Amino acid sequence: MTEATFAIPLWADLLAIGIGGLQGAMFAAQFRDRRLDLLGIAIIGIAAGFGGGLIRDLLLNQVPVALQQNWYLIVASGAALLGMLLERLFSRLGTVITVLDALTIGLYCAIGTTKALSLGLPAIPSVFVGVVAAVGGSILRDMLLNLPIALMHVGSLYAVAAVAGASTLVTLLAIGVPVFIAATICVIVTFGVRVLAVLFRWSLPEQRRIERIPRIAGFRRPRQPGR
Amino acid sequence: MTEATFAIPLWADLLAIGIGGLQGAMFAAQFRDRRLDLLGIAIIGIAAGFGGGLIRDLLLNQVPVALQQNWYLIVASGAALLGMLLERLFSRLGTVITVLDALTIGLYCAIGTTKALSLGLPAIPSVFVGVVAAVGGSILRDMLLNLPIALMHVGSLYAVAAVAGASTLVTLLAIGVPVFIAATICVIVTFGVRVLAVLFRWSLPEQRRIERIPRIAGFRRPRQPGR
Amino acid sequence: MTEATFAIPLWADLLAIGIGGLQGAMFAAQFRDRRLDLLGIAIIGIAAGFGGGLIRDLLLNQVPVALQQNWYLIVASGAALLGMLLERLFSRLGTVITVLDALTIGLYCAIGTTKALSLGLPAIPSVFVGVVAAVGGSILRDMLLNLPIALMHVGSLYAVAAVAGASTLVTLLAIGVPVFIAATICVIVTFGVRVLAVLFRWSLPEQRRIERIPRIAGFRRPRQPGR
């Protein structure tokens, strides 16, 4: 299953990076009391912009694509500084940015999954790499800001959208669909799940345990249930 | 000193991953007020289950073993979800899990150390890689949960057990003991130190400084000692 | 632009690692209420000492230099334990340590930037790698201690000094200056910016947004400005 990699033109890649950087800076703007400086904002922009691609390439044991061109760093940090300055403007464009971001995670998911497959990884790890490529920037952003990682908590489906897209992609390739069509469907599925989740407030259930366990004979409870 | 790598059968590896994932979910269950969702639990399971092996392979500049098979991701996330659901059951099995975990860190320590040696690393970095392979999952789990890293704080010896095991392994190999015997002794030493530390509450001393420094002639204190 | 790498003798490298480890332990000493144990201090020393070099080599897809010699781990953890024990002594030497640290980030910046260039990376990613090599240890230290990352917040220029040094280096190489001279100037620039920033309390501005956006015709504000 070593298919060709799904690729997008450089301008589309840079647009995705830029949207990520912009969003990173707007997210950081909530924490104005923390005294982040301009460099901090640029770092958040870089992490949110191409952190996912960076982790993808580290996992795949490749020199990160984002370090093989001058543009990635310029666009990610530039977009972050722009997002910081024009935060009031961009916050009015919330819907546009959510839509573009849903497209971005779809694209990154398709690129990451096909790249992993083309390097010979099996199906499930390829899905994992695709998902990490799509949402790793958001994880890195939260870790650098010393915040709980948003996507691990109850909220609108984000990583789950990428899991759905990447799984669809791998399944379609396995039944012989050409890579470009499969990748396009992956982008549509990821985009659709994400946008519908935002619209209808879909979320995953919170962690829970089964409270009543049937008493197994000979199995002693360490303490009285009254505790 | 490029010895053969100590290897364990896939089922044993997956059992170790599963125990890690299970423990990760049980650990996360303490933080029920944080609203982690099912995906968050699966991520913790993956991090705790094979995070150590992942960091080991990143340091050794190899594609992670856990991404070369479908089973690792399935077992780690499945074990985490099982651990979440049956937390009440597994929390009664505390002793069994501590014992299995001590075995797991011993095995990962032996695998990591011999893998590093076989790739040509010198003795001390190989011990380091072995220890990271054994305890890296626990570090990654705490970082993802935005918690202080447990093993850096006073508590029952955990990483120290791995340091003892890996050092023994490297010493035995240096004096010509065959790799399988040396690795077995490494597992026994790591297991023994860990289990005894839990039983007898052994711990490392807390950080401290030498309070009284002999006055060196001509060495001016910046402030009066009364401060 | 695949120049030769700027290299420093092993003793100078180990001195830099040692200063990093020492500072890491002294930094951790502020958090005595956290009950870090001796292993925790050693981990902080390793992270602060050669964390930057480690991240540099991960990004460049190389086996970390610090794992190819026994000395790096010994010096970093030894320096950290020494820094912990003799914290009262070293805290009197604050100026000396700040000066040596400024030299260290200059050296690591020059090494990292030239190493990236020699592996064929373009100019801007090479500056990025050089800066990460210089300041990555400080980022890793803060992440392991579960603290906000100091260098992302308003404070004396630290990473900016490395950006200035690495940019100078890349520019000088581009106009044909030999690598040794360019690297030396990089060290001087980094050192100078850092020391002057500490002396004159130079810092970057805090994140801010443009408050008044000119009203664009046909662009509706979602809420009244009175909010």
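Values in this document were obtained by computation on a predicted structure and should not be read as measured data. (Residues numbered from 1 in each chain as written. Chains lettered and ligands numbered in written order. Predicted model: local features only at pLDDT ≥ 70, side-chain atom pairs only at ≥ 80, totals over all residues. Heavy atoms only, no water.)

## Looking at the nonpolar core
Note the cut-off: For this analysis, a nonpolar core means a set of buried residues of the types Ala, Val, Leu, Ile, Met, Phe, Trp, Tyr and Cys, connected via side-chain atoms within 4.5 Å. We call a residue buried when its accessible area falls under 20% of the maximum for its residue type, exposed when it is over 50%, and partly exposed in between, using a 1.4 Å probe and counting protein chains only. The criterion used for residue contact is that any of the two residues' heavy atoms lie within 4.5 Å.
Among the nonpolar cores identified, the biggest contains 195 residues, and Leu 151 of chain A, Leu 151 of chain B together with Leu 151 of chain C are the most heavily contacted of them. When sequence neighbours within four positions are dropped, the list of residues in contact with Leu 151 of chain C reads Asp 37, Leu 39 and Ile 43 of chain A together with Val 135, Ser 138, Ile 139, Tyr 158 and Ala 159 of chain C.

## Topic: the interface of chain B and chain C
Accessible area lost upon the coming together of the parts is a frequently used measure of interface size. Basically, it comes down to this: Here the quantity called buried area is the accessible surface, traced with a 1.4 Å probe, that two parts lose on coming together, added over both. Within this document, salt bridges are pairs made up of a side-chain nitrogen of Lys or Arg and a carboxyl oxygen of Asp or Glu, the two lying within 4 Å of each other. The definition of a polar contact used here is a pair of N or O atoms within 3.5 Å, where within protein one atom must be able to donate a hydrogen and the other to accept one, and adjacent residues in sequence count solely through side-chain atom pairs. Only DSSP runs of H or I covering at least 4 residues are called helices, and only runs of E covering at least 2 are called strands; the numbering of each starts at the N terminus. All amino acids are sorted into three groups, where Ala, Val, Leu, Ile, Met, Phe, Trp, Tyr, Cys and Pro are nonpolar, Asp, Glu, Lys and Arg are charged, and the leftover types, Gly among them, are polar.
The partner chain C presents 40 residues to the 34 residues of chain B that form the contact. When chain B packs against chain C, close to 3,600 Å² is buried across both sides, 64% of that on carbon and sulfur atoms. Counting every contact that joins chain B to chain C gives two salt bridges. As a salt-bridge pair, Glu 206 of chain B and Arg 35 of chain C come within 3.1 Å of each other at their nearest N and O atoms. Where chain B packs against chain C, one counts eleven residue pairs in polar contact (both at pLDDT 80 or more). For the side of chain B that touches chain C, the elements supplying multiple residues, two or more each, are helix H2 (38–59) and helix H6 (123–144) of chain B. Element by element, the count of residues in the side of chain B that touches chain C is highest for H6 of chain B, at seven residues. For the side of chain B that touches chain C, the per-class residue count stands at 25 nonpolar, four polar and five charged.

## Overview of the relation of the copies chain B and chain C
This is how the line gets drawn: The least-squares superposition of copies is restricted to C-alpha atoms, and to residues with a pLDDT of at least 70 in both copies.
For the pair chain B and chain C, the relating rotation is 120°, the translation along its axis is 0.0 Å, and the fit reaches an RMSD of 0.0 Å. The superposition operator between the copies reduces to a three-fold rotation axis. Here only 12% of the interface residues in chain B have copies in chain C that are interface residues too; the copies meet through unlike faces.

## Focus on helix H7 (residues 159–174) of chain C
Threshold: Between the first and last residue of a helix there are one fewer steps than residues, each counted as 1.5 Å, and that sum is the expected span. Of all possible arcs, the one meant is that of the directions from the helix axis to the C-beta atoms.
Here H7 of chain C contains 16 residues, and its C-alpha end-to-end distance of 22 Å stays within 8% of the 22 Å for a straight helix at 1.5 Å per residue. By the burial criterion, the buried members of H7 of chain C are Ala 159, Ala 161, Ala 162, Gly 165, Ala 166, Leu 169, Val 170, Leu 172 and Leu 173 of chain C. What you see down the axis of H7 of chain C is that its buried residues fit within an arc of 165°, all on one side. At its buried positions, H7 of chain C is contacted by helix H2 (38–59) of chain A together with helix H5 (94–118), helix H6 (123–144) and helix H8 (179–200) of chain C. Positive backbone phi, approximately 95°, marks Gly 176 of chain C, located one or two places after H7 of chain C.

## Describing the side chain of Arg 194 of chain B
Residue and element names in this part refer to chain B. Rules: The sign given to each residue is positive for Lys and Arg and negative for Asp and Glu; His and the chain ends receive no count.
Locating Arg 194 in the fold gives a position in helix H8 (residues 179–200). Although Arg 194 lies buried, it forms no salt bridge, and the closest oppositely charged side chain, Asp 101, sits 4.7 Å away as judged by the N-O distance. From its side chain, Arg 194 meets the backbone oxygen of Leu 157 in a polar contact 3.3 Å long. If sequence neighbours within four positions are ignored, Arg 194 has contacts with Ala 102, Ile 105, Ser 156, Leu 157, Tyr 158 and Ala 161.

## Examining the environment of Gly 192 of chain B
Turning to its location among the elements, Gly 192 of chain B is positioned in helix H8. Sequence separation between Gly 192 of chain B and Ala 161 of chain B is 31 residues, and the spatial gap between their C-alpha atoms is 7.9 Å.

## Some remarks on the UniProt feature "transmembrane region" (unreviewed entry) in chain A
Residues and elements named next belong to chain A. Our working definition: UniProt positions are given in the numbering used here, feature names are shortened, and annotations may be inferred rather than shown by experiment.
Per the UniProt record, "transmembrane region" (unreviewed entry) is found at residues 6–29, 36–55, 70–86, 93–113, 119–140, 152–175 and 181–202. End-to-end, the C-alpha atoms of residues 119–140 are 24 Å apart, and along that stretch the chain is 82% helix and 0% strand. In residues 181–202, helix accounts for 91% and strand for 0%; the two terminal C-alpha atoms are 27 Å from one another.

## Topic: the packing of H6 of chain B against helix H7 (residues 159–174) of chain B
Residue and element names in this part refer to chain B. Note the threshold: In this analysis, axes come from line fits to C-alpha atoms, helices being fitted only over the stretch in contact, and the angle between any two N-to-C directions falls in the range 0 to 180 degrees. Note on angle classes: values under 35 degrees are labelled roughly parallel, values over 145 roughly antiparallel, values of 65 to 115 roughly perpendicular, and the remainder oblique. Handedness of each helix crossing follows the sense of rotation of the near helix against the far helix: counterclockwise by less than a right angle gives left-handed, clockwise gives right-handed.
Packing of H6 against H7 leaves a shortest axis separation of 9 Å and a crossing angle of 140°. Here H6 lies oblique to H7, going by the angle between them. Handedness of the H6/H7 crossing: right-handed. Contacts between H6 and H7 involve Ala 123, Val 127, Val 131, Ala 134 and Val 135 on the former and, on the latter, Ala 159, Ala 162, Val 163, Ala 166, Ser 167 and Val 170. Class assignment of the residues belonging to the contact of H6 with H7 gives a composition of ten nonpolar, one polar and no charged.

## Comments concerning the packing of helix H5 (residues 94–118) of chain A against helix H6 (residues 123–144) of chain A
All names here are of chain A. Put simply, H5 and H6 touch, their axes get as near as 7 Å, and they point 145° apart. Crossing angle aside, the handedness with which H5 passes H6 is right-handed. Residue-level contacts link Ile 105, Tyr 108, Cys 109, Gly 112, Thr 113, Ala 116 and Leu 117 of H5 to Ala 123, Ser 126, Val 127, Val 129, Gly 130, Ala 133 and Ala 134 of H6. A breakdown of the residues in the contact of H5 with H6 according to their chemical character gives ten nonpolar, four polar and no charged.

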